Amino acid sequence: MSALADTAPRRAGMPGWLAPALMLLPAMLLVVGVVLVPLALTALLSFHSFSSSTGISAGYALENWAEIAGDPYYAEMFLRTFRIAGVVTLACCLIGAPEAYIIHRMRAPWKGIFLVVTLGPLLISVVARTLGWALLFGGRNGVVNKALMDLGILSQPIPFMFTEGGVMVALTHVMVPFMVLSVWAVLQRLDPRAENAAASLGASQFTVLTRIVLPQVMPGILSGAIIVFALSASAFATPAIIGGRRLKVAATLAYDEFLNTLNWPLGAAVALLLLVAIAAIVIGCNALVERHYSKVFQ
Amino acid sequence: MLARSSTSGIAPMTDPAPAFLALDGLSKRYADHVAVDALTLGVAQGEFISLLGPSGCGKTTTLQMIAGFTEPSGGAIRLEGRDLVAVKPARRGLGIVFQSYALFPHMTAAENVAFGLEMQRVPKAERARRVTDALALVGLSALAERYPRRMSGGQQQRVALARALVIQPRILLLDEPLSNLDAKLREEMQIELRQIQRRIGTTTILVTHDQHEAMALSDRIVVMNAGKVEQIGRPQDVYERPATPFVASFLGKTNVFEALVERGADGAAAVLGTVRCPCPPHLAGAGHVLLTVRPEKIAFADEGLACRIVSRVFQGTYWLFIGETPAGVATIVCQNDGAAQPGEGESVHLTWRADDAALRPLSGAGA
Ligand SMILES: Nc1ncnc2c1ncn2[C@@H]1O[C@H](COP(=O)(O)OP(=O)(O)O)[C@@H](O)[C@H]1O
Ligand SMILES: [Mg+2]
């Protein structure tokens with residue numbers, strides 16, 4: 001009883017910042033413990049040197065960073081990573097934005113059905129979805145390849161596994177729902193009467209799309225593009241399954257350094273560089289987008 | 001209401017001029033109900049017409065059919081004698097102001113107004129001049145470079161109006177364009193709208209559920225109810241000579257008294273106290289009739305219908321009285337002309353001119 005009675009006045013006397021700070025504490029501890037500390041350790045790790053005979057040395061050196069900067073192999077890895085992410089982003093814009101608009105314009109039962117069909121795959125593991133592609137196109141035993149070759153249409157399997165194109169196709173398939181979601185959110189806020197108004201002013205259907213709908217949907221496409229780009233550049237499962245160890249990207253390279261070569265410092269440097277590069281690109285694009293649209297949509 | 005009390009008496013209720021825009025038995029049926037039921041209307045060139053009715057009576061549907069965004073289930077729309085239904089909305093050349101304004105949010109006021117001219121491929125120099133003129137017309141020259149989100153409702157509404165006017169539409173369609181404004185701004189915009197329409201002479205169809213707005217602005221009013229036309233006429237005719245009980249009750253307050261029909265030397269008359277109103281022949285046989293009279297047509301007198309004042313409310317320019325009479329509750333409106341007014345609880349007599357009262361049979365809607 002008395003303990004309860006004591007609590008109230010003491011709480012009223014607390015400084016104003018204490019209550020929110022206390023409420024944030026568990027989440028803060030989680031972020032610090034699970035994100036910031038490992039990140040800092042990874043950063044430190046990248047400055048150790050490594051040899052296959054003696055393992056990780058105690059001293060600090062720029063050896064790994066010098067290797068990444070000097071060896072064109074790493075430049076190629078990063079170039080490939082961002083090339084794949086860029087193409088996947090573009091493909092998602094070209095597929096996802098019209099897809100969202102078409103579903104948006106559908107009538108009652110179909111609208112819901114197609115939205116579920118589009119977004120449903122998000123409920124399925126990326127691994128499962130990517131393995132689907134491997135089942136269809138994986139070498140001579142892939143279902144599609146086998147069928148086409150048995151029918152005599154092809155003599156060789158479609159080059160899909162271990163190719164950049166294959167990774168791009170599978171990644172696009174995985175990422176399109178994010179673009180649809182992002183564009184969908186903007187479409188919900190669109191006033192359909194603005195399209196009618198444009199038509200009444202003499203605009204053709206095509207003009208309505210390009211001059212009225214597209215500019216208004218653009219912020220959704222851009223934020224979707226940023227999401228898709230970041231997720232594609234850091235994607236692991238899909239490049240690992242389709243690209244394997246023959247066609248590496250930055251994420252699978254870091255993984256290999258950690259678990260196969262056991263060169264943790266080099267893997268840490270690759271992972272850190274990937275993180276910094278993605279963060280720089282995303283933050284830069286976001287700032288550009290914000291500056292361009294702030295005057296219109298505020 | 002604006003000053004338009006010049007002509008009294010009854011005007012013909014048929015369309016005066018050959019129709020510029022003709023709606024012929026226009027209907028719209030949805031799965032389970034009829035939104036617009038065989039609407040027939042002729043609009044003369046340069047005329048300002050209002051579609052007036054309660055929410056859900058089919059006004060917007062009618063306007064959207066004229067604009068081409070809703071397909072009619074039946075009937076015809078003709079503009080200058082040519083069928084309009086087959087024409088695409090983009091080719092109808094109508095100016096539309098939507099209830100929500102429907103401005104393009106990613107374009108400035110000037111870009112919004114210029115859009116229609118761009119579609120018409122008007123050369124750049126002329127386009128700039130016409131946009132400037134249109135914005136000046138609605139008093140928004142200073143806000144040309146502003147985006148819609150940064151404008152008040154009234155300013156957005158005026159941009160929408162300028163956008164519709166600048167293409168010099170053959171007909172201007174306005175869907176409750178003032179309903180989102182506060183009272184003062186709405187009154188200003190009504191006057192502005194009427195002046196603009198007078199100056200440019202564009203044939204205009206206004207949709208509204210506000211009887212004051214319809215009466216203030218229109219040459220003629222189309223009163224609608226549940227998809228059907230109740231009455232078409234000039235504002236004063238619709239107000240003074242409502243064709244149906246619905247029109248009488250929808251346009252302003254009205255008193256409904258049950259009156260006894262008496263046969264006298266001067267023929268049959270509806271009698272309330274000592275007030276006698278001549279009965280038309282088809283009602284002469286009835287025992288009782290319903291008599292309707294507007295509150296402002298009732299005057300206090302030494303004799304007439306006995307009435308005890310129950311409440312008295314001062315409204316600024318007029319007094320509003322509620323009274324009890326043997327025939328039912330009476331609402332009376334008196335100009336505040338400085339004369340002494342009866343107080344609450346006082347007993348008075350009410351009278352009115354026979355011309356100001358309308359008679360109807362007791363049962364059913366006598367339209
Ligand atoms: N797309 C539609 N489907 C079914 N009913 C509709 C549709 N649009 C309007 N209605 C119905 O038609 C009637 C008239 O609507 P509307 O013309 O918008 O009325 P108003 O503009 O006079 O308020 C209403 O009962 C409304 O519910
Ligand atoms: Mg409406």
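Note that this is a predicted model, so its numbers are computed, not measured. Positions within a chain are numbered from 1, following the residues in the order the chain's sequence is written. To label them, take the chains in the order written and letter them from A, then take the ligands in the order written and number them from 1. Residue-level local features of this predicted model are given only where pLDDT is at least 70; pairs of side-chain atoms are given and counted only at 80 or more, and the full residue set underlies all totals for whole chains, interfaces and linings. Based on all heavy atoms of the structure, the side-chain values leave hydrogens and waters out of the count.

1. What about the side chain of S182 of chain A?
All names here are of chain A. Per the convention used, a helix needs a DSSP run of H or I reaching at least four residues, while a strand needs a run of E reaching at least two, with both numbered from the N terminus. With respect to the secondary-structure elements, S182 resides in helix α8 (residues 164-188). Contacts described as polar in this section are N or O atom pairs within 3.5 Å, which, within protein, must combine one atom able to donate a hydrogen with one able to accept it, while residues neighboring in sequence count only if both atoms come from side chains. At a separation of 3.2 Å, a polar atom in the side chain of S182 contacts the main-chain amide nitrogen of G224. Residue contacts are counted whenever heavy atoms from the two residues lie within 4.5 Å of one another. When neighbours within four sequence positions are excluded, S182 is seen to be in contact with G220, S223 and G224.

2. A closer look at the nonpolar core
Residue and element names in this part refer to chain B. Of all hydrophobic cores here, the largest spans 112 residues; its most connected members are L21, L41, F104, F115, L161, L173 and I205. In this view, L161 contacts V97, V138, L172, L174, L193 and I196; residues no more than four positions away in its chain are not counted. For the purposes of this section, nonpolar cores are sets of buried Ala, Val, Leu, Ile, Met, Phe, Trp, Tyr and Cys residues that join through side-chain atoms within 4.5 Å. The cut-offs for exposure are 20% and 50% of the maximum accessible area for each residue type, with area from a 1.4 Å probe on protein chains only; residues under the lower value are buried, those over the upper are exposed, and the others partly exposed. Core analysis: the next-biggest nonpolar cluster, separate from the first, contains 28 residues, A268, L291, C307 and L359 among them.

3. Re the pattern of salt bridges
Residue and element names in this part refer to chain B. By convention in these notes, a salt bridge is any Lys or Arg side-chain nitrogen within 4 Å of a carboxyl oxygen on Asp or Glu. Applying the stated criterion across every chain, the model contains 23 salt bridges over all chains. A salt bridge links K184 to E188; the nearest nitrogen and oxygen atoms lie 3.0 Å apart. With a gap of 4 residues between them, K184 and E188 both fall in helix α5 (residues 183-200), about one helical turn apart.

4. What to know about the domain arrangement of chain B
Residues and elements named next belong to chain B. Once the domains are mapped, chain B shows domain 1 (21-249) and domain 2 (253-365). Taken together, the contact pairs 8 residues of domain 1 with 7 residues of domain 2. Between domain 1 and domain 2 lies a buried interface of about 710 Å² when both sides are counted; carbon and sulfur atoms form 37% of it. Here domain 1 and domain 2 share 1 salt bridge between them. Between E240 and K297 there is a salt bridge, and its shortest N-O distance comes to 2.6 Å. Counting the contacts that link domain 1 with domain 2 gives 5 residue pairs in polar contact (both at pLDDT 80 or more). Secondary-structure elements contributing two or more residues to the side of domain 1 that touches domain 2 are α7 (235-240) and α8 (245-250). Counting residues per element, the side of domain 1 that touches domain 2 draws most heavily on α8, which supplies 3 residues. As a working rule, the residues Ala, Val, Leu, Ile, Met, Phe, Trp, Tyr, Cys and Pro are called nonpolar, Asp, Glu, Lys and Arg charged, and the rest polar, with Gly in that last group. Looking at the side of domain 1 that touches domain 2, its residues break down into 4 nonpolar, 2 polar and 2 charged. Each domain span listed reflects an automatic or database assignment of domains. Put simply, buried area is how much 1.4 Å-probe accessible surface two parts lose in total, over both of them, once they are put together.

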